[in-house]
Amino acid sequence: MPGGPKLNKSAQTKSRSIDQQLEEGREKQHDDLQLLILGGAGSGKSTFIKQLRLRHGDKFPESERKTWTIYVYENLVEALYPILEQVTEWEDGSNAKTYSLFVEKFPRSNIGRKGSSSQEEDHSKKNVNYSKLSSLAADVLSMWRDKSVQTIWQENIKKFGLRKTFADHFLSKLERILSTNYIPDIEDILFIRKPTASVQEHMFTSEGNVYKVIDVAGQRSQRHKWISLFEGVTAIVFITSLTSYSEGTYEDSSLNSLHDSLSAFGSVITNQFLKNTNFILLLNKKDLLGKRLADVPFSSIIENYKGRNEEADVIEYIKKEFEKRITSEKKVKFHVCSAIDTPGMKPLTEEIIQCIRKK
Ligand SMILES: Nc1nc2c(ncn2[C@@H]2O[C@H](COP(=O)(O)OP(=O)(O)OP(=O)(O)O)[C@@H](O)[C@H]2O)c(=O)[nH]1
Ligand SMILES: [Mg+2]
C-alpha cells in the first residue's frame, strides 16, 4: 500500500477480506444483468414484465392468479360505473334497486385511483370491499343483459374508443368473472390495470443467467425516483403507447401524453449516467392504433402532421420524433408491439434478453 498508513497483520488480513468482498460484490454486480423499464403511466411497462414472467418466470401459477381476483373486480366496478350512471330507465324498470345497491356497496367517491400511490393503499384507506361484487352477481348480470345498458356500452366504446381496454375486456367477460370459483386466466392478468407504486424488482433466470428487471411508476410525480436506478443498468427498455397521441397524462389531462413521453425519453437518453447503456424503444398498443386513428385522426391532434391517417405512416412519424431526441451516436433499437399479445411478444422478449446478454 505505497504512501498509505502502515497496517498490522490482523488489520491487513481484515483489509484483504474486505477488498475481496468488494471485488466479489463488483463481479456479482457485473454478472447481474439489469433491465430497467421506463415510460409514461399506462404505457404497458408492467404488462411487458408479465410477458417476461410468462416466458422466463413462474408463468403465474393458479394459487397466485387467485390473488389477482380482487383487481379484476376493482377494474370491473370502475368499468361499470360510467355505464350505470348513464342508464335512466332499464327495460324491466329494476334500475333503481340495482343501482342503489351498487352505489351503497361501492360509493362513487371511493372508486378510481386518482391521486393515490397504490391500490393496496386505496383498499385499506377507503375501505372498499370488492369481494362484495360476487354477492351482487345476479343483479349486475340481469342489469348487464338489459338492452338499454348494452346500447350505452356500445355508445361508450364508440365515444371513448378503446381508451380503457381493461373495461372492454372485463365487461365482455362479465358472466365468467361473476361466476362462483372464478380464477383469473392469463389473458385477464394481462388486462388488469394496476398502476405500479414506486419501484418493483423482478428476478428471472434464462440459460443460467440471472436478470433483474426493474419496474417503475410512470406517473410524472414519481419520475424523480427513476434516476436513482440508473447505476449498474445493463439496458433500458423505454415504452410508449402508440395511442398516447390522443390521450392526456394521468395528472394533467391537458398535457398530451405523446409529447410527455417524448420529453421523458429525451431527458433519459441524454442522461450522462446512461452514456454506455443500451436502449430499446417499444412502440406499444399496436392492436389499438387502427381503431383509434379512425376515431381520432392523427392530424386532428398533432397539428404539424401532414401525412396520411394510416398506421404505417403514423408509426414512422412517431419513430422519427423519438429519433430526433437521440443526440449522440447511441444506437436505439425500435420495435412495434402489443404487450397483451402473448404469441407475438415471444420473439421480442427473446430478442431483448439476447441483446442484454451480448452487452
Ligand atoms: N390493448 C392493449 N392493452 C394494453 C397493451 N399493453 C398494455 N395494455 C393495457 O394497458 C393498461 C396499462 O398497462 P400497464 O402495464 O399497467 O402500464 P404501466 O406502464 O405499467 O403503468 P404504470 O404502472 O401506471 O406506470 C393495462 O390495462 C394493460 O392491460 C397493449 O399492447 N394493447
Ligand atoms: Mg406498471
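Within an unreviewed UniProt entry, the label attached to the protein reads DgyrCDS6937, and the organism entered is Dimorphilus gyrociliatus. What the UniProt record of the protein gives under Subunit (unreviewed entry) is the line "G proteins are composed of 3 units; alpha, beta and gamma. The alpha chain contains the guanine nucleotide binding site."

S.K.: Would you mind showing me how to read the overall build of the protein here?
M.R.: Of the regular secondary structure elements, the protein holds 17 helices and six strands. When the 359 residues of the protein are sorted by exposure, 48% land in the buried category. Within the protein, contacts between residues separated by at least 24 positions form 74% of all contacts whose residues are at least 6 apart in sequence. Surface summary for the protein: the accessible area is close to 18,500 Å², and the carbon and sulfur share equals 51%.

S.K.: Is there a simple way to explain the site of ligand 1 in this structure?
M.R.: In the vicinity of ligand 1 lie 25 residues, with K45, T47, L190, T196 and G218 positioned nearest. S43 is positioned such that a nitrogen or oxygen atom in its backbone is 3.2 Å from an oxygen atom of ligand 1. Between S46 and ligand 1, the recorded distance is 2.9 Å, taken from a side-chain N or O atom to an oxygen atom. Within the complex, the protein chains bury 98% of what would otherwise be the 660 Å² of accessible surface of ligand 1.

S.K.: Even after reading the chapter, I still don't get the pairing of strand β4 (residues 235–241), so can you show me in this structure?
M.R.: Each regular strand displays side chains that alternate between the two surfaces of the sheet. Extensive coverage of β4 is indicated by the burial of seven of its seven residues. Every second residue of β4 is oriented toward a common face, with A235, V237, I239 and S241 on one face and I236, F238 and T240 on the other, all of them buried. Both strand β1 (residues 33–39) and β4 contribute to a ladder of five bridges, which runs parallel. Across the sheet, G39 pairs through a bridge with I239, a residue of β4. Sheet analysis places β4 next to strand β5 (residues 278–284), joined by seven bridges and oriented parallel. Bridged to I239 within β5 is L282. Crossover handedness for the path β4 to helix α13 (residues 257–269) to β5: right-handed.

S.K.: Would you mind showing me how to read the packing of aromatic side chains here?
M.R.: The way to describe two aromatic rings as a pair is by their centre distance and the angle between their planes. By the definition in use, this model includes nine aromatic pairs. Both rings, one in Y245 and one in F298, keep their centres 4.8 Å apart while their planes meet at 55°; by these two values the pair is tilted. Here Y245, found in the loop between β4 and α13, pairs with F298, found in helix α15 (residues 298–301); they are 53 residues apart in sequence, far enough to count as distant. The class for Y245 is buried, based on a relative accessible area of 0%. A ring pair is formed by F298 and Y305, whose centres lie 4.8 Å apart and whose planes are at 85°; its orientation type is edge-to-face. Three or more aromatic residues link up through ring pairs in this structure, and these residues are F238, F265, F279 and F322. Across from the ring centre of F60, 4.0 Å away, lies the NZ or CZ of R53, which sits over that ring. Positioned over the ring face of F334 is K319, at 5.3 Å from the centre of the ring.

S.K.: Would you mind going over the side chain of D260 with me for this structure?
M.R.: When you line up the elements, D260 lands in helix α13. Non-local contacts of D260, meaning those with residues more than four positions away in its chain, are made with R220, R223, T249 and L255.

S.K.: What should I look at first to understand helix α14 (residues 286–295) in this one?
M.R.: One turn of the α-helix equals 3.6 residues, which is why residues spaced by three or four share an orientation. Of all the residues in α14, the buried ones are L288, L289, R292 and L293. An end-on view of α14 places all buried positions within 130° of arc, on one side of the element. Next to the buried residues of α14 lie α10 (165–172), α15 and α16 (311–324).

S.K.: What exactly am I supposed to notice about the nonpolar core here?
M.R.: Generally speaking, nonpolar side chains in soluble globular proteins are found buried as a group. Residues L76, F102 and W144 are the most contacted members of the largest nonpolar core, which totals 37 residues. Going through the elements one at a time, α4 (69–86), α8 (137–145), α9 (147–160), α10, α11 (174–177) and α12 (186–191) are the ones with two or more residues in this core. Take this core: its biggest share by element is ten residues, from α4. Beyond its immediate chain neighbours, meaning those up to four positions away, F102 contacts V77, L80, Y81, L84, L133, L136 and V140. L242, L262, A264 and L289 belong to the second largest nonpolar core, which has 35 residues in total.

Conventions adopted
Each chain has its residues counted from 1, running along the sequence as written. Think of it this way: whatever chain is written first is A, whatever ligand is written first is 1, and the rest follow in order. Owing to the predicted nature of the model, reporting of local features is limited to residues with pLDDT of at least 70; listing and counting of side-chain atom pairs is limited to 80 or more, with chain, interface and lining totals taken over all residues. Computation of side-chain values: all heavy atoms of the structure, hydrogens and water removed. UniProt positions are given in the numbering used here, feature names are shortened, and annotations may be inferred rather than shown by experiment. Secondary structure counts use DSSP, requiring at least four H or I residues in a row for a helix and at least two E residues in a row for a strand, with both numbered from the N terminus. Relative accessibility thresholds used throughout: buried, under 20% of the residue-type maximum; exposed, over 50%; partly exposed, between the two (1.4 Å probe, protein chains only). Contacts are assigned to residue pairs with any non-hydrogen atoms lying within 4.5 Å of each other. Computed with the Shrake-Rupley method and a 1.4 Å probe, the accessible areas treat only the protein chains shown as cover for residues. When we say a residue is near a molecule or strand, we mean one of its heavy atoms is within 4 Å of it. As used in this structure description, the phrase polar contact means that two N or O atoms lie within 3.5 Å; if the pair is within protein, one of them must be able to donate a hydrogen and the other to accept it, and residues adjacent in sequence are counted only when both atoms belong to side chains. Between any two strands, at least two bridges found by DSSP are needed for them to pair. Consider the strands pointing away from the viewer: the crossover is right-handed when the path from the first strand over the helix to the second runs clockwise. Only the six-membered ring of Trp is used, alongside the rings of Phe and Tyr, when aromatic pairs are assigned; centres must lie within 6.5 Å, and planes under 30 degrees apart are stacked while those over 60 apart are edge-to-face, with the rest tilted. The rule is short: NZ of Lys or CZ of Arg within 6 Å of the ring centre and within 35 degrees of the ring normal puts a charge over the ring. To obtain the arc, one takes the directions from the helix axis to the C-beta atoms. Nonpolar cores were defined as sets of buried Ala, Val, Leu, Ile, Met, Phe, Trp, Tyr and Cys residues, with membership established by side-chain atoms within 4.5 Å.

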